[in-house]
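Close look at the chain arrangement
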Amino acid sequence: MRRYGSIRGAGVSALTTTALMLIVVLPFVLFGGKSLSSTAVIFLINVTLVIALQTFVGNSGILSFGHVAFMGVGAYVTAWLTIPPELKSNQLPELPAFLAEARWGFFPSLLAAAFVSALFAAIVGIILVRMTVNAMVMATLALLLVMYSVWLNWSTLTRGSSGVFGIPRETTPVLAIAVAVVFIFVARLFKTTRIGLQLRASREDELSSAALGINVRRVRYIGWVFSAALMGAAGSLWSFNIIAFDPGQFSFAMTFALLAMLILGGKESVLGAVVGAAVVGLVTESFSRIEQGVSVFGIELPRITGTVQFVIALLIIIALIWRPDGIVGRREIEDFIPPLAAWLRRSQGQSEDSASQKLTQSPEEADQGSSSDFILQGTGMAKSFHGVKAVAGIDIEVKRGEILGLIGPNGSGKSTLLNLISGLTNLDSGQVLLAGRDVTGQPSHIVAQQGLARTFQNIRIFPHLLVVENVFAPPRTTAESGHLSLKQLGLLDLRFTEANTLSYGMQRRLEIARAMGTQPSVVLLDEPAAGMNHSESDILLSDIRSLAVHHGCGVIIIDHDLRLIMRLCDRIQVLEAGKTIAVGTPTEVSSDPVVLAAYLGDVPIEINEPPQGEISLAAKEN
Amino acid sequence: MLEFMQQLINGFSLGSIYAVLALGLAMVYSTLGILNFAYGELITIVGYTMYFATQAGAPFLLAAGLGITFAAIASLLMQLALFRPLRGASFVTLLFASFALSQALQGVFRQAISPRARGIAVPEIFSTFVTIGDIRIGFLTIATLIIALTSMGILAVFMRYSRSGLQMRAAAIDLTTTRLMGVRANRVILGAFAISGILAGIAGVLWMARTTQVTPTSGFTPILIAFIAVVLGGLGSIPGAVIGGYIFGVLEVFLQAYLPIGLVPFQFAMALIAVSVLLYLRPEGLMGKRIEEKV
């Protein structure tokens, strides 16, 4: 799998998180006696449950109320497989024979629980991922309730509300630690894999991740099933500790407790899951002792029951107002230990540098021979919004290495045209050919996967991902192309910065770098220089020129700065009221009387200043 | 056929409670994008108000009026104490915060009142029947239909013809622009929460008249149904919420009436699965629009 080379970093991060967890847990296990040791085991089990939840909720940004259903699947599968047959025949006499006889061990049951849970999630997920994000949250709630009523009523398998008992208790502290450590590693690595990264990108900006080729439904589906598998295994572990349970345990109280741990700790971080489980565990433990009545400084406090849930709820509300992103926020453990972070970055930087040295020349440059063909051809493209013809039959074409400027007054259909080409808006009629292939009517991620990349008028980077993660999220980006793109846009030194902390101009450059990293055959730039001053936009546009030449891709650029458009573009297409009113070289267009009348008022524009200056400079760099 | 008609009327009656419930939830969602989980607790508050009022000797109608008033006040307090400090937070944060509030309130009811159910005395007339032709219908069924339809009618007139209603509809389309036009956002938002609370109050009275008892978790089923109706109708669509409520009400009554005995316990699950199938076919909900973001 192509990746951006920080799997090792993720491993080190997981290792450090594990170390932290062990520092907390080991004193309890070693010196705490039986009661404290079992508290530690409960904590570790909570860690696995919360991490399983985090894998989906944290990475996808979609709240799930339904994961406890998978915990239930894991627990019941474990019950069917491990309760001794003589006990099982009493409780569940109608169980199918192969289950009635089963007497599995710890690890096989854990894996079976994970498998069944994943299978179930795979079926549910087919419906789920089609929905909009908010509807999906509600659907997970429905899932929880459907499964709760199934547990309650399908007594052949579950013995209804009386529950099942007799699961052998196999959770020693060592075993619980082992499973929790595996979970930390798996979750931390998943976050770093390409799928995990794409899932996080979809959390940040669903639309622009699709426009860069990420199949959002697919990555959500994978995240959902994977997370359910972990949840099933965690539920199995949980049942090995609790040994008897009933459907009531897979309802709202559990959902609330797990979500509280996750959100209090910081839902986007694996470390957060561990910290959240610890904090909520501590509060629960101390308050349940208060509930049993304690004396503080000799004063006997009255027994209060049912305070735990209330206190946790209050804590959550306060925490959300005080720290909406949770205690650790989005940070992983290395972000708290600067030397570790620096070391990880250095070593990652080295591996990237060695990777990029393999790159001698851009692969696209080789087939410059076919550059006379149009790489993008749109014919008769039309789109109306509620009767307004935003685009009314436009033809557009661009060659490899060519820069086409798209100008026209506000509302003339420029941005709509780009949206139609990139598949973000559906065409009413017309056709789009990309590198000879018909991409008409394809969703934007498919169009992007065929080699189209774009930027947006209002910047749509992935704000809470690192610069390097922004660039490497799209599926077409390779280690080499991404690195090169960062370098060409001057972002190499900033690559470990969070994207939303970049300056405005740098964010625009990042968006271009993210598009160019996908090695596009056509790139659409929607006002890339908007909001920049003259010198900034001069540099940017000369960079665009050299990128177009270097990658041999076609560029369509919208900008309002005519001075720049005239100097940069090979050809210019002028739109008005959804129609093309002129196409040609800058000189042709600027002297076209129709253009002058419709677009520029009757004032002729000056392109007297020599356009060669920066362009030839840029060409020399290659 | 006769039974079918009878069930249909029952379904519509139950559906109108659900529609009012969903409408209250949708009012806040369409203005602020908040799905208020603690909305269900407004129903519980109605229940406890009615319980204490009737215990103190108040007539049923007065108790109901008090219940609606308290629900509206509680709804406003939720906005002021929870959602306003969290303004600008993400959908997930807001949803979870309201989930936490719902849990906290349940804790309060449990501690301050009792974990056990409290019965609410309802007038005897509620259990009588009216015979129209060959169809026998409960008094409460008809009263529910009338009250729900009237309330929704009044709301529709208010939203369409009053200035405040216009401002709320504008805010639902684009809160920022509405503010830029000089409308005071806080007033519109409080208005949405007040209407939401009143609707919860009306639905709560109808609900309590049916169930005749209140527990700390009484709000659970209502909020769930409101969620389902809102998603089914299309998140963000107010007419969708009403239609979703009716569909779910009719679905529930018919499943109860015609499901084989062995499957009756799965009635709720079946209804949810039916809704899921509808959503598979139309992911944006019945009245929801496929949102095309401006880029």
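Residues numbered from 1 in each chain as written. Chains lettered and ligands numbered in written order. Predicted model: local features only at pLDDT ≥ 70, side-chain atom pairs only at ≥ 80, totals over all residues.

Turning next to the overall build of chain B. Each helix and strand in chain B was counted, giving eleven helices and four strands. Compactness check: chain B gives a C-alpha radius of gyration of 19 Å against a globular reference of 19 Å for 295 residues, within 12% of the reference. Taken over the C-alpha atoms alone, chain B extends approximately 60 × 50 × 35 Å along its principal axes. Taken over 295 residues, chain B has a buried fraction of 49%. Contacts in chain B between residues far apart in sequence, at least 24 positions, make up 76% of those at least 6 positions apart. (Helix = DSSP H or I, 4+ residues; strand = E, 2+ residues; numbered from the N terminus. Rg over C-alpha atoms; globule rule 2.2 N^0.38 Å. Buried ≥ 20, exposed ≤ 12 C-beta atoms within 10 Å, placed from the backbone. Contact = placed C-beta atoms within 7 Å.)

On to the overall build of chain A, then. A tally of regular secondary structure across chain A gives 26 helices and 14 strands. Per-residue burial for chain A yields a buried fraction of 51% across its 622 residues. Partitioning the intrachain contacts of chain A with sequence separation of at least 6 by distance along the chain shows that 75% fall at a separation of at least 24.

Another aspect to go through is helix H1 (residues 2-32) of chain B. Residues and elements named next belong to chain B. Here H1 spans 45 Å end to end across 31 residues, near enough to the 45 Å set by a 1.5 Å rise per residue. The buried fraction of H1 amounts to 22 of the 31 residues, a majority that puts the element mostly inside the structure. A positive phi of about 70 degrees marks glycine 33, the residue just after H1. (Expected span 1.5 Å × (residues − 1).)

This part takes up the sheet that holds strand S12 (residues 554-558) of chain A. Residues and elements named next belong to chain A. One open sheet holds the six strands; their spatial order is S10-S11-S12-S7-S13-S14, and the pairing between them is mixed. Looking at strand neighbours, the two that pair on one side only are strand S10 (452-454) and strand S14 (579-584), the edges of this open sheet. Direction aside, the axes of adjacent strands within the sheet are offset by 20 degrees on average. Sheet analysis places S10 next to strand S11 (residues 522-526), joined by three bridges and oriented parallel. Pairing of alanine 453 across the sheet is with valine 523, part of S11. Here helix H17 (residues 414-421) sits on the sheet in contact with strand S7 (403-407), S10, S11, S12 and strand S13 (571-576), set at roughly 150 degrees to S11. (Pairing = 2+ DSSP bridges. Axes fitted to C-alpha atoms, helices over the stretch in contact; angles between N-to-C directions.)

Across the boundary between the two partners, chain B contributes 39 residues, which contact 37 residues of chain A. Looking at the side of chain B that touches chain A, the elements that each hand over two or more residues are helix H4 (91-112), helix H9 (220-233) and helix H11 (267-281) of chain B. Considering only residue class, the side of chain B that touches chain A consists of 29 nonpolar, six polar and four charged. (Nonpolar A, V, L, I, M, F, W, Y, C, P; charged D, E, K, R; others polar.)

This part covers the confidence of the model for chain B. Per-chain confidence: chain B averages 88 in pLDDT, with 98% of residues scoring 70 or above. For this predicted complex, the interface score ipTM comes out at 0.81, while the overall pTM is 0.86. (pLDDT = per-residue confidence, 0-100.)

Next up on the list: the pairing of strand S8 (residues 429-434) of chain A. Along a regular strand, successive side chains alternate from one face of the sheet to the other. Residue and element names in this part refer to chain A. Inspection of the sheet shows strand S5 (residues 374-385) paired to S8 by five bridges, in the antiparallel sense. Along S8, the bridge assignment pairs leucine 376 with leucine 434. Pairing geometry for S8 and strand S9 (residues 437-438), over two bridges, is antiparallel. Note that in S9 the partner of leucine 434 across the bridge is arginine 437. The antiparallel pairing of S8 with S9 creates a hairpin that spans two residues between the two strands, and alanine 435 there sits at a positive phi of about 50 degrees.

Turning next to the sheet that holds S8 of chain A. Strand pairing in a sheet relies on backbone hydrogen bonds. The paired strands run either parallel or antiparallel. Residue and element names in this part refer to chain A. Here we have four strands laid out as an open sheet, ordered S6-S5-S8-S9, and antiparallel in their pairing. Each edge of the open sheet is held by one strand with a lone partner, namely strand S6 (388-399) and S9. Running at roughly 65 degrees to S6, H17 makes contact with S5, S6 and S8 of the sheet.

What follows is about the confidence of the model for chain A. Residues and elements named next belong to chain A. With 89% of its residues at a pLDDT of 70 or more, chain A shows a mean pLDDT of 84. Between residues 359-371, whose pLDDT stays under 50, and residues either more than four places distant or in other chains, the model counts 15 contacts. Segment residues 608-622 is flagged for pLDDT under 50; beyond a separation of four residues in sequence, or across chains, it makes 15 contacts in the model.

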